[in-house]
Amino acid sequence: MRTIPLYLQKFGKIVPRRPLYLLHLERSLHIYSYPQTQLKDKTSGQKTSFNLNDVDGCIKQLCRDKKFNEAIHFLCEQKCLKEAIKVLDFVDRPSAAAYSILIQLCLQQRALKEGKTVHRHFQLSGFFPGIFVSNRLLELYCKCGSKMDAQTLFKEMAERDLCSWNIMISGYAKMGQLKEARYLFDSMPERDNFSWTAMISGYVRYDQPKDALELYRLMQTNEKFKCNKFTVSSALAASAAIQCLHLGKEIHGHIMRTGLDSDAVVWSSLSDMYAKCGSIDEARCIFDKALDRDVVSWTAMIGRYFEDGRREEGFALFSDLLKSGTRPNEFTFAGVLNACAYQTAENLGKQVHGYMTRIGFDPFSFAASALVHMYSKCGNINNAKRVFSSMPQPDLVSWTSLINGYAQYGEPYEALQLFELLLQSGMEPDHVTFVGVLSACTHAGLVDTGLEYFNSIERRHGLKHTADHYACVVDLLSRSGRFKEAEDIISQMPMKPDKFLWASLLGGCRIHGNLELAKRAAEALFELEPSNAATYVTLANIYATAGKWSEVARVRKTMDEQKVVKKPGLSWIEIKQKVHVFLVGDSSNPKSKEIHDFLGELSKRMKEEGYVPHTDYVLHDVEEEQKEQNLSYHSEKLAVAFGIVSSPPGTPIKK
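Residues numbered from 1 in each chain as written. Predicted model: local features only at pLDDT ≥ 70, side-chain atom pairs only at ≥ 80, totals over all residues. Heavy atoms only, no water.

A. Spatial organisation of the layout of surface pockets. Of the voids in this model, the largest pocket is the one considered here, and its volume is about 1,000 Å³. Forming the walls of the largest pocket are 30 residues, and the residues nearest its centre are Thr344, Ala345, Glu346, Asn347 and Glu574. Looking at the lining of the largest pocket, the elements that each hand over two or more residues are α18 (311-324), α20 (346-359) and β5 (571-575). When residues of the lining of the largest pocket are assigned to their parent elements, the largest contribution, five residues, is made by α20. In terms of residue class, the lining of the largest pocket is built from twelve nonpolar, ten polar and eight charged. (1 Å grid on protein atoms, 1.4 Å probe; cavity = no way out; pocket = protein on both sides within 12 Å on 5 of 7 lines; lining within 4 Å. Points joined across faces, edges and corners; volume = space filled by probe spheres on them. Helix = DSSP H or I, 4+ residues; strand = E, 2+ residues; numbered from the N terminus. Nonpolar A, V, L, I, M, F, W, Y, C, P; charged D, E, K, R; others polar.)

B. Just the nonpolar core, in detail. Within the largest apolar cluster, 171 residues are counted, with the highest numbers of intra-cluster contacts made by Leu102, Leu270 and Leu505. Those residues in contact with Leu505, other than ones at most four positions away along the chain, are Val474, Ser478, Phe483, Ala486, Ile490, Leu517 and Ala521. Counting residues in each nonpolar core, the second largest holds nine residues, with Ile573, Ile595, Leu638 and Phe642 among its members. (Core = buried A, V, L, I, M, F, W, Y, C linked by side-chain atoms within 4.5 Å. Buried < 20%, exposed > 50% of the residue type's maximum accessible area, 1.4 Å probe, protein only. Contact = heavy atoms within 4.5 Å.)

C. Summary view of the side chain of Glu114. Among the secondary structure elements, Glu114 is positioned in helix α6 (residues 112-124). Despite being buried, Glu114 has no salt bridge partner; Lys82 is the closest side chain of opposite charge, sitting 4.4 Å away. Once residues lying within four places of it in the same chain are set aside, the contact partners of Glu114 are Leu81, Lys82, Ile85 and Cys106. (Lys, Arg positive; Asp, Glu negative; His and termini not counted. Salt bridge = Lys/Arg side-chain N within 4 Å of Asp/Glu carboxyl O.)

D. Expanded view of the packing of helix α9 (residues 162-174) against helix α10 (residues 178-187). α10 packs onto α9 with a crossing angle of 160° between their chain directions and a minimal axis gap of 7 Å. Judged by the angle between their axes, α9 and α10 are roughly antiparallel. Where α9 crosses over α10, the handedness of that crossing is left-handed. Of the residues in α10, those touching α9 at Trp165, Met168, Ile169, Tyr172 and Ala173 are Leu178, Glu180, Ala181, Leu184, Phe185 and Ser187. Split into classes, the residues belonging to the contact of α9 with α10 amount to nine nonpolar, one polar and one charged. (Axes fitted to C-alpha atoms, helices over the stretch in contact; angles between N-to-C directions. Parallel < 35°, antiparallel > 145°, perpendicular 65-115°, else oblique. Left-handed = near helix turned anticlockwise from the far one by under 90°.)

E. View of the pattern of salt bridges. Evaluation of the coordinates by the stated rule reveals 21 salt bridges. For Lys143, the salt bridge is made with Glu139, and the minimal N-O distance between the two is 2.9 Å. In this pair, Lys143 and Glu139 both sit in helix α7 (residues 131-143), four residues apart, roughly one turn of the helix. The exposure class of Lys143 is partly exposed, given its relative accessible area of 41%. Glu139 gets classed as partly exposed once you look at its relative accessible area, which sits at 23%. We note a salt bridge from Asp597 to Lys593, for which the minimum N-O separation is 2.9 Å. With Asp597 and Lys593 both in helix α33 (residues 592-608) and four residues apart, the pair spans about one turn of that helix. Residue class for Lys593 comes out exposed when judged on its relative accessible area of 63%. Salt bridges sharing common partners tie together Asp272, Lys276 and Arg304.

This is the structure in structure tokens:
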């Protein structure tokens, strides 16, 4: 490294054996890349560009001339905070301006340690800061979360102005110290709009919306104070938090009367309030009236439709966004892709993927993770793996989505192999990851392996077992007929078994014909979900398999008494962007004859190959031939057959 000697003088003497300032500066310059800076030449009035050598020369000359205050200013302009603080050691009495610019740079860089060093320096040097410097230091302590330092400084200040009080109140509010903030607020000799807004927004931020609205009303009674856009935005957020549409509309009226309706922040808050209060149409009306709609407001409105289950309108608004010329961001893409995943709308998801590729998207962003999730949910594991492999550093969401995709779509061994690769990468799985792992073990019949993974959740990874984990392991054990172990785990659970666990146990009982345990599981489900027809049907299936038709009749009678109605099972398939729905034995489709002919021929060929239909779960006490016919024209088979006869050979069929 190049070394430039610099001799700093203090009190007229050479400071011997002290680390030279420029050596420290050079080390810093070796680490940081400083931009070309413009200095104004006092003699010529021209702007002169200088490089790193010019920086060295300027600092050397200023220090030789004992112009340490100027050196501090120069270094602060270059954002060289640590180097500027070192110069303080050579200054007898730094100027108030030098201290001020140092504190300001500490504030910009949130450099608490360096700020304390400057504070300690002017205490030792006998410097008495004015209110401006004290307020800057107070703001530094508050924004860096140093509550004790802020309190001490505030108490020591000989003089405080309105700004001092506001800084403390805002600092307390942002740190969640709302009682201390309110005490100071009530003690203030005078207040302004900032004081009220800081206190109101603090209540909103820390889930005390009623207190926020109470203070907002108190502010309105004082004619001296006029609400600004930040105040009304906080009040609207409080109304949304308690879902009080009446109060929200009152604030809306106040906004219109006071002329705050021209601000984009206020419009966004209004739209958010209406949406969270369940009035999506009014939220859309506000959105449509907004003059300045940026990508944030578009994304928020699209997301509101998705959250409310109105996905078609969300997709339509996304289309309008693309037509508007506003470029979507990663939040927009993630929201739309997650909606595609929920609806298994792979075709639309592919179009979004194509658009993202054309405009270029960040492979590090969570939009890439949303792509993996969408393809995994839609069953296109090849595309999910392709996107996953293209990510420089896949996050846990991507790993988990692909693991769950493999587990859900019949590739359990690949799911477990991927999980081992996740562990080898050094990334820690979460509880959602283990749901996929346990599901994979269930589908593969790896009972002992699944139990090992289940036990490792707490022992190796330090996570707590969730209700989902217990439901998965009970499903794993009951499917393999290990009911004693399943019952032992249920009895040892730290939480009450939920409906998913009992449904898993009931499903295992159906496979193995465990009538006694099935009755226990069904009774638990009747308490949790008395109107769920699936429980009654599954229990009746179990009795039907055992030939206990009187018990089947009793279950049906109970359903009638409880007024539980089983809706006909539906299956649907999307062909050429059109959804076709089928019921059992359905003959309403225009291609019904082709469908039935195809299934008849398929059934004939399967029997020739030795296939025997499994009719045990057909509920009706009818002849075997009728049971087989009921199975042959199940709605799911009709949908798949329609997909086959309506698509070119080799086309993947997805229901």
